[in-house]
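Coordinates in review
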Amino acid sequence: MIDSLEVYFSENDFMGIEKTYQFLELDKYSNSIEGIKKLLLEVKTHAGEINGQVFKLTVFVSCENEDEYRGKAADFSKAVFDCFYDEVPAFNIVSQKPFSDSSFAVEAGFVTGQELQIHYKMHCDTPYVLIEDAMVKELWMSGAGGVELVGDIEQDAIRAFGQMLEILHTEGMTMDHVIRQWNYVGGILKINAADGRDLQNYQVFNEVRGRFYKHYRTRKDFPAATGIGVKIPGVTIDFFAVKPFVGSVTTAPVNNRKQQNAYVYGQEVLVGSAPMKTAAKQPPQFERARLLEMPGNSTLFLSGTASIIGQETVGIGDVEEQTRVTIGNLEEITRSAEGTLNMDALRYTLLRVYVKKEEDFPVVQQICKEYFPDVSIAFVQADVCRDNLLVEIEGEMVANNCFRECIECN
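1. A short note on the overall build of the chain
- For the chain, the helix and strand inventory stands at 6 helices and 23 strands.
- Relative to a compact globule of 410 residues, whose C-alpha radius of gyration would be 22 Å, the chain shows 21 Å and is just as compact.
- Principal-axis analysis of the C-alpha atoms places the extent of the chain at approximately 70 × 55 × 45 Å.
- When burial is assessed residue by residue, the chain has 57% of its 410 residues classed as buried.
- Across the chain, the fraction of contacts at a sequence separation of at least 24, relative to all contacts at a separation of at least 6, is 79%.
- Here the chain has roughly 17500 Å² of accessible surface; of this, 49% comes from carbon and sulfur atoms.
- Positive and negative side-chain charges of the chain, numbering 39 and 60 respectively, have mean locations separated by a distance of 4 Å.

2. Looking at the pairing of strand 16 (residues 289-294)
- Burial runs high along strand 16: 6 of the 6 residues are buried.
- The alternating pattern of strand 16 places Ala 289, Leu 291 and Glu 293 on one face and Arg 290, Leu 292 and Met 294 on the opposite face, and all of these are buried.
- As defined by bridge partners, strand 15 (residues 250-254) adjoins strand 16 across 5 bridges and the pair is classed as antiparallel. The partner of Val 254 across the bridge, within strand 16, is Ala 289.
- In this structure, strand 16 lies alongside strand 17 (residues 296-305), joined through 6 bridges in antiparallel fashion. Along strand 17, the bridge assignment pairs Met 294 with Asn 297.
- Taking the residues that link successive antiparallel strands as the turn, the strand 16-strand 17 hairpin has 1 residue.

3. Points about the confidence of the model for the chain
- Looking at the chain as a whole, the pLDDT averages 89, with 91% of positions reaching at least 70.
- Overall, residues 1-14 carries pLDDT values under 50, and its contacts beyond four positions in sequence, including any with other chains, amount to 33 contacts.
- Here residues 403-410 is modelled with pLDDT under 50, and outside its nearest four sequence neighbours on either side it reaches 28 contacts, counting other chains as well.

4. A few points about the sheet that holds strand 7 (residues 117-123)
- Here 6 strands make up an open sheet; going across it, the order is 7-8-9-14-10-13 and the pairing mixed. Because the sheet does not close on itself, it has two edges, and the strands there are strand 7 and strand 13 (224-230). Neighbour to neighbour, the strand axes of the sheet diverge by 10 degrees on average, direction disregarded.
- As defined by bridge partners, strand 7 adjoins strand 8 (residues 126-132) across 7 bridges and the pair is classed as antiparallel. Within strand 8, the position partnered with His 119 by the bridge is Leu 130.

5. Some points on the pairing of strand 6 (residues 104-112)
- Where burial is concerned, most of strand 6 is hidden: 8 out of the 9 residues are buried.
- Sheet analysis places strand 2 (residues 18-25) next to strand 6, joined by 8 bridges and oriented antiparallel. By the bridge assignment, Leu 24 is partnered in strand 6 with Val 106.
- As paired elements, strand 3 (residues 53-61) and strand 6 share 8 bridges and run antiparallel to each other. Counterpart to Val 61 in the pairing with strand 6 is Phe 104.

6. Overview of the nonpolar core
- Core analysis: the biggest nonpolar cluster contains 74 residues, and Leu 139, Phe 161 and Phe 239 have the highest contact counts within it.
- It is helix 3 (residues 153-170) that contributes the most residues to this core, 8 residues altogether.
- Ignoring anything within four residues of it in the chain, the contact list for Phe 161 reads Met 175, Gln 181, Phe 205, Val 208, Arg 209, Phe 212, Tyr 213 and Ile 237.

7. As for helix 3
- For helix 3, built from 18 residues, the straight-helix expectation of 26 Å at 1.5 Å per residue is met to within 8% by its first-to-last C-alpha distance of 26 Å.
- Where helix 3 is buried, its residues touch strand 7, strand 8, strand 9 (136-144), strand 10 (178-186), helix 4 (201-216) and strand 14 (235-244).
- The N-capping residue of helix 3, defined by a side-chain oxygen 3.2 Å from the backbone nitrogen of Glu 154, is Asp 152.
- Directly after helix 3, the chain includes Gly 172, whose backbone phi takes a positive value near 70 degrees.

8. Looking at the side chain of Gln 200
- Turning to its location among the elements, Gln 200 is positioned in strand 12 (residues 197-200).
- Judged by relative accessible area, which is 4%, Gln 200 ranks as buried.
- Contact partners of Gln 200, with chain neighbours within four places excluded, come to Ile 188, Leu 189, Lys 190, Ile 191, Val 271 and Cys 385.

9. Some points on the side chain of Arg 217
- Relative to the helices and strands, Arg 217 resides in the loop between helix 4 and strand 13.
- There is a polar contact of 2.9 Å between the side chain of Arg 217 and the backbone oxygen of Asp 221.

10. Side note on the packing of helix 5 (residues 319-338) against helix 6 (residues 361-371)
- The N-to-C vectors of helix 5 and helix 6 enclose an angle of 30 degrees; their axes lie 9 Å apart at closest approach. With respect to the hand of their crossing, helix 5 and helix 6 are arranged in right-handed fashion. Facing helix 5, whose interface residues are Val 319, Glu 320, Thr 323, Arg 324, Ile 327 and Glu 331, helix 6 presents Val 363, Val 364, Ile 367, Cys 368, Glu 370 and Tyr 371.

11. Brief notes about the packing of aromatic side chains
- The final tally for this structure, using the stated rule, is 17 aromatic pairs.
- Relative to Phe 361, the ring of Phe 99 has its centre 4.3 Å away and its plane inclined at 10 degrees; by these criteria the two rings are stacked. In this pair, Phe 99 is assigned in the loop between strand 5 (97-98) and strand 6 and Phe 361 in helix 6, connecting sequence segments 262 residues apart.
- Judged by relative accessible area, Phe 361 falls into the buried class, the value being 0%.
- With a centroid separation of 5.1 Å and 75 degrees between ring planes, the pair formed by Tyr 348 and Phe 372 is classed as edge-to-face. On the criterion of sequence distance, the pair formed by Tyr 348 in strand 20 (residues 347-355) and Phe 372 in the loop between helix 6 and strand 21 (377-381) is long-range, its members being 24 residues apart.
- Ring pairing ties together the aromatic residues Phe 161, Phe 205, Phe 212, Tyr 213, Tyr 216, Phe 222 and Tyr 263, which thus form one cluster.

Rules and cut-offs
Residues numbered from 1 in each chain as written. Predicted model: local features only at pLDDT ≥ 70, side-chain atom pairs only at ≥ 80, totals over all residues. Heavy atoms only, no water. Helix = DSSP H or I, 4+ residues; strand = E, 2+ residues; numbered from the N terminus. Rg over C-alpha atoms; globule rule 2.2 N^0.38 Å. Buried < 20%, exposed > 50% of the residue type's maximum accessible area, 1.4 Å probe, protein only. Contact = heavy atoms within 4.5 Å. Areas by Shrake-Rupley, 256 points an atom, 1.4 Å probe, with all protein chains shown as cover. Lys, Arg positive; Asp, Glu negative; His and termini not counted. Charge placed at Lys NZ, Arg CZ, Asp CG, Glu CD. Pairing = 2+ DSSP bridges. pLDDT = per-residue confidence, 0-100. Axes fitted to C-alpha atoms, helices over the stretch in contact; angles between N-to-C directions. Core = buried A, V, L, I, M, F, W, Y, C linked by side-chain atoms within 4.5 Å. Expected span 1.5 Å × (residues − 1). Polar contact = N/O pair within 3.5 Å; in protein donor to acceptor, adjacent residues only side chain to side chain. Left-handed = near helix turned anticlockwise from the far one by under 90°. Phe/Tyr/Trp six-rings, centres within 6.5 Å; stacked < 30°, edge-to-face > 60°.

Below you can see the structure in the form of structure tokens.
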């Protein structure tokens, strides 16, 4: 009796779900409604040229106050629905200034592949996307919690995680299926006095995240994630979840030997007071990266990465040093991932760079272009999760690999 059968997939046999990204700025047109529509038309045209479909839009908007943001967000949202009709991708409009003279910039995600089923769905007026093939079901959702923000970090975080749970449940998934999160926290460094305690917004978010993971996530590891500041109060979450249909689809955390895992940070590097006098502060629960391995290709999701060695900030006040240390950390994570698999070298499909100070943009951009000359990079202005961090970089990488599927036989 045969106990198992090994089936080998080559690059030509099965490439799986493939994704590419494009970064577009509005300044080539104008900062008008017609300019927005032309930009979205360019996105749709590119999708047609590559025989793909748009699954995600991250829109970066420059604004001085909440009223201006609401007006621009309303204009862009209407344009997205008008342009995509019944195939509206997941999208979030993020109050982070693009590094350009434009009011808007768009990071667009495209999906291609053989025999894919793509479903465009809605939950409480928020669109999300399902991508399925014979191996997996993927769920992409953007802007969880963003419909009715109240400006209270704890309540907005609870609302965002609650909407995540609702959508996951609707699609037969749980928190265990979440691979990647983007956590946008308004005034991330702000400290508020309450009942004799100093509560930092990012720390409050971490407390809420910790509670939800404790109750709804049974895995002992965590998603890859970015926790980053936005100008407008509140919390929104983008996330990516995967439900495998076969055992040959796996995911695992990837560590950086030069960095302590964030979820075991000491209390001394966490800012503000604990939620209760008798409690310890909750460290941020995310992995440095996660590797998703499928027949035909592997994807490395790099979390928001900064100039931290061990658990301490390196290069305080020196944006050039911080940028190079950050890139060094990304390279270390990449080497760790490549050392675990029989695959081609990983290559970048997406890079996003957050810069704290507008005057530091040219220096950071020059260094990033030096290291990543052939990669389209989104540069935006945002506060990072520590006051002394000046830059943060995240990314997505892919590699082709031969994969063995073991089919158990009785």
